[in-house]
Amino acid sequence: MSLLTNVMDHSLDDGYAEAAARKQAEGAGGLPRTVRAKLGLAVGLVLAALVVTVGAAQARVAAPVVAKEREELIDRIDRETDAADELESAVDTLRDDVSGRQQEALKQSGGSDQADLVGILSGAVEVHGPGVKLVVDDAKEATTGGDGNPRETSGFSDTGRVRDRDMQRVVNGLWASGAEAVSINGQRLTALSAIRAAGEAILVDNKPLVPPYTVLAVGDGKSLSTRFQNSADGLYLNALQENYGIRTAISVADDLRLPAAPSVIVRTAQPRTEKGTS
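Notes on the structure follow. Being a predicted model, the structure only gives us computed values, none of them experimental. Note on numbering: residues in each chain are counted from 1, in written sequence order. pLDDT decides what is reported in this predicted model: residues at 70 or higher carry local features, side-chain atom pairs at 80 or more are listed and counted, and totals for whole chains, interfaces and linings draw on all residues regardless. Based on all heavy atoms of the structure, the side-chain values leave hydrogens and waters out of the count.

**Digging into the sheet that holds strand E7 (residues 213-218)**
Alright, step 1. For two strands to be treated as a pair, DSSP must find no fewer than two bridges joining them. Only runs of H or I of at least four residues qualify as helices and only runs of E of at least two qualify as strands under DSSP, and these elements are numbered from the N terminus. The strand order E3-E2-E7-E1-E8 describes an open sheet built from 5 strands, whose pairing is antiparallel. With one partner strand each, in any of the chains shown, strand E3 (187-188) and strand E8 (247-258) form the two edges of the open sheet.
Alright, step 2. Sheet analysis places strand E1 (residues 127-137) next to E8, joined by 10 bridges and oriented antiparallel. Looking at E8, one finds that Val-127 is bridged to Leu-258.
Alright, step 3. Should any heavy atoms of two residues lie within 4.5 Å, those residues are counted as being in contact. Inter-axis angles, ranging from 0 to 180 degrees, are taken between N-to-C directions of lines fitted to C-alpha atoms, where helices are fitted over the stretch in contact. Set on the sheet, helix H5 (residues 164-176) makes contact with E1, strand E2 (181-184) and E7; between it and E2 the angle comes to about 160°.

**Details of the nonpolar core**
Alright, step 1. Core analysis: the biggest nonpolar cluster contains 25 residues, and Met-167 and Ile-184 have the highest contact counts within it.
Alright, step 2. Elements supplying a minimum of two residues to this core: E1, H5, E2, strand E5 (201-204), E7, helix H6 (221-230) and helix H7 (232-244).
Alright, step 3. If you tally residues by element for this core, the top one is H5, at 4 residues.
Alright, step 4. With residues up to four places along the chain from it excluded, the contact list for Ile-184 reads Met-167, Val-171, Leu-189, Ile-195, Val-204, Leu-209, Tyr-213, Thr-214 and Val-215.
Alright, step 5. In this structure, Val-127, Ala-181, Leu-216 and Leu-258 belong to the second largest nonpolar core, which totals 8 residues. In this description, a nonpolar core means a group of buried Ala, Val, Leu, Ile, Met, Phe, Trp, Tyr and Cys residues linked to one another through side-chain atoms lying within 4.5 Å. Residue burial is assigned from relative accessible area. The probe radius is 1.4 Å, only protein chains are included, and a residue is buried under 20% of its type maximum, exposed over 50%, and partly exposed in between.

**What to know about a negative patch on the surface**
Alright, step 1. To count toward a patch, a residue needs a relative accessible area over 30% and no salt bridge; like charges are then connected within 9 Å, while nonpolar side chains (Val, Leu, Ile, Met, Phe, Trp, Tyr) are connected within 5 Å. The Shrake-Rupley method, run with a 1.4 Å probe sphere, supplies the accessible areas, and residue values consider only the shown protein chains as cover. Each salt bridge in this description consists of a side-chain nitrogen of Lys or Arg and a carboxyl oxygen of Asp or Glu lying within 4 Å of one another. As used throughout, the charge tally considers Lys and Arg to be positive and Asp and Glu to be negative, leaving His and the chain termini uncounted. Positions of charges follow a simple convention, taking NZ of Lys, CZ of Arg, CG of Asp or CD of Glu. Taken together, the side chains of Glu-69, Glu-71, Glu-72, Asp-75, Asp-78, Asp-82, Asp-85, Glu-86 and Glu-88 make up a negatively charged region of the molecular surface.
Alright, step 2. Given a relative accessible area of 46%, Glu-72 falls into the partly exposed group.

**Here's the deal with the packing of aromatic side chains**
Alright, step 1. Note on aromatic contacts: the rings of Phe and Tyr and the six-membered ring of Trp form a pair at centre separations within 6.5 Å, being stacked when their planes are under 30 degrees apart, edge-to-face when over 60 apart, and tilted otherwise. If you walk through the whole model with that rule in mind, you get 0 aromatic pairs.
Alright, step 2. Stacked on the ring of Tyr-236, the Lys or Arg Arg-169 has its end atom at 4.2 Å from the ring centre. For a ring to carry a charge above it, either NZ of a lysine or CZ of an arginine must fall within 6 Å of the ring centroid while also lying within 35 degrees of the normal to the ring plane.

**What to know about the pattern of salt bridges**
Alright, step 1. If you walk through the whole model with that rule in mind, you get 5 salt bridges.
Alright, step 2. A salt bridge links Arg-169 to Asp-233; the nearest nitrogen and oxygen atoms lie 3.0 Å apart. Within this pair, whereas Arg-169 is found in helix H5, its partner Asp-233 is found in helix H7, the two being separated by 64 residues in sequence.
Alright, step 3. Taking relative accessible area as the criterion, Arg-169 reaches 31% and is therefore assigned partly exposed.
Alright, step 4. By relative accessible area, which is 16% here, Asp-233 ends up buried.
Alright, step 5. Across the salt bridge formed by Asp-255 and Arg-257, the nearest N and O atoms sit 3.8 Å from each other.
Alright, step 6. Under the relative-accessibility criterion, Asp-255 is labelled partly exposed at 42%.

Right, here's the structure in full:
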C-alpha cells in the first residue's frame, strides 16, 4: 500500500519536476526574449505564410488549365471511342459482305452437291436439320478463385463456373460423336474457331459469350446424344454436374437452325490443281 500511495502522491518523477522548475527559472520555456530571436521567429513566420500564399495562388491559377486539359482529354477519348465503334461497324459490314459473296460463289460453282458439302463443312452457309441441344450453365452458387478469377484455379471446376476448357471438351466431344455443324449461343464454329477465356468471359472467335451456354449440334439426334453422353467428354460433363453443381440439360431436336459463320479467312492452305497428261 505504501508503494501505491507513493506513486499516487508523486506521479511526476522528481528529476522531471526539477528540470521543469530550472527551465522556468531560466526563462527557457517561454517566447524568445532577445530582439534577435524575436526577429528570427518573425521572419520564419513570414516565410511560412509566403510559401502557403504562393502555393495557393499557383493552385488557383493552374486550376483552369488542369480543368481544360481534363476536358480535352475526355473529348479525345470520346472521339477515339466513336472512331473505334465506326471501324468495328465497318468491319462487321465488310465481313457480312464477304460472307455473302462466298455463299453466292458456292452456289454458282459447278457441282452443286460438292459445293453444298464444302459450304456446310466450312460453316459458310446456314444449315438446319435434326440434332442435339445442350445447355451448360454455372452452378447456382458459383464462386471465384483465390485471386478473384474463377478460371485461374488449380482444380478442375472447383469454383462452380463453366470454363473455356470445359466448353472445348464439350464441343470436341460433339464433333467426335458425329456432329456435322455446331454453334454456341448462335456463334457458328468452324475448323478455325477458337474457344478461349478473357477474365470471366468465354470467347468464341474473340466474341464474348454469357451463360447459359446453348450448344446446338446438327446430326443424327438420338445417336449423337447417346454417343456424346457415353463418351469421355460426356462423362466429364456429368462429373462437373455431380461434383461441382454445374447445370446441364441435353435434348434431341427434330429441326435445328444454325447460322453461317463470319467470313472464314484461309491464309495457309492452297487448293491443289491437277495437271492433265498429254
